[in-house]
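# An overview of the molecular structure
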Amino acid sequence: FTRGRFLANLAATSPLFAQLERDERRALLKRFQAQLVGAGDILIEEGEAGRGLFLVLRGEFDVAVGSLKVATLKSGEVFGEISLLRASPTTATVTARTQGEILFLARDDFAPALAAHPGMHSALHELTTKRLVANQAVVAASILTQDSAILV
């Protein structure tokens, strides 16, 4: 009961599901598969083909570009969308910082879900744009810091 209630609240408040009606949210959530993860588990490796969309139920997940940590994801956040939307290799490595649980929507189920729910596509596109800009800013700041340390 508690898990079901949590999922319903998450779906009702997540920007990913905001454009969907209640029945549509339920139907879409049924396509996701729950997976438990352990601390240190790598869910996505930078440069690999995107396998699907991940939704964090609980736990913390570090996002790294190269060896540089650019973000930490928590409950309610999604990842894996960039490579799926752009049909490109993944742009970061995502590692479980803690034990946790995710919902996973396989690549084969992702495209039909986007086609059926255009609002979900626009929410993910907006998220992708923000993430890429933020990641580039962190990487650029790191490079500037490293260069200034060398020049001093």
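The preceding data block contains the structure.
Notes on the structure in this doc start here.

What counts as what
Residues numbered from 1 in each chain as written. Predicted model: local features only at pLDDT ≥ 70, side-chain atom pairs only at ≥ 80, totals over all residues. Heavy atoms only, no water. Helix = DSSP H or I, 4+ residues; strand = E, 2+ residues; numbered from the N terminus. Buried < 20%, exposed > 50% of the residue type's maximum accessible area, 1.4 Å probe, protein only. Contact = heavy atoms within 4.5 Å. Pairing = 2+ DSSP bridges. Core = buried A, V, L, I, M, F, W, Y, C linked by side-chain atoms within 4.5 Å. Salt bridge = Lys/Arg side-chain N within 4 Å of Asp/Glu carboxyl O. Phe/Tyr/Trp six-rings, centres within 6.5 Å; stacked < 30°, edge-to-face > 60°.

Locating E81 in the fold gives a position in helix α3 (residues 81-86). For E81, a relative accessible area of 1% gives the class buried. When sequence neighbours within four positions are dropped, the list of residues in contact with E81 reads L53, L124, L127, T128 and R131.

Turning our eyes to something else, we now look at the pairing of strand β8 (residues 100-106). Two faces make up the sheet, and in a regular strand the side chains alternate between them. Judged by how many residues are buried, β8 sits mostly within the fold: six of seven residues are covered. Relative to β8, strand β1 (residues 33-37) runs antiparallel, the two sharing five bridges. Its bridge partner being in β8, L36 is matched across the sheet by E101. Across six bridges, strand β3 (residues 52-58) lies against β8 in antiparallel orientation. Counterpart to L53 in the pairing with β8 is L105.

What follows covers the nonpolar core. Counting 21 residues, the largest nonpolar core has F17, F32, L53, L55 and L124 as the members making the most contacts within it. Taken together, the elements giving at least two residues each to this core come down to α1 (2-13), α2 (22-31), β3, β8, α4 (107-116) and α5 (118-151). With near-sequence residues (within four places) excluded, L55 lies in contact with L10, F17, L29, F32, G76, E77, V78, E101, I102 and L103. The next biggest cluster of nonpolar side chains, apart from the first, holds 15 residues, and it includes V37, A96, I102 and F104.

Turning next to the pattern of salt bridges. All told, the structure shown has eight salt bridges when counted by the stated rule. Ionic pairing is found between E60 and R97, a salt bridge with its closest N-O pair at 3.0 Å. Taken together, the residues E60 in the loop between β3 and β4 (61-65) and R97 in the loop between β7 (93-96) and β8 connect sequence positions 37 residues apart. By relative accessible area, E60 is classed as partly exposed at 22%. When the shortest N-O distance is used, the salt bridge between K130 and E126 registers 3.2 Å.

Applying the stated criterion to the full structure yields three aromatic pairs. Ring geometry for F54 versus F79: centroids 4.7 Å apart, planes at 0°, classification stacked. Highlighted residues: F54 in strand β3 and F79 in strand β6 (residues 78-79), separated in sequence by 25 residues. Summarising the burial analysis for this pair, F54 and F79 share the class buried.

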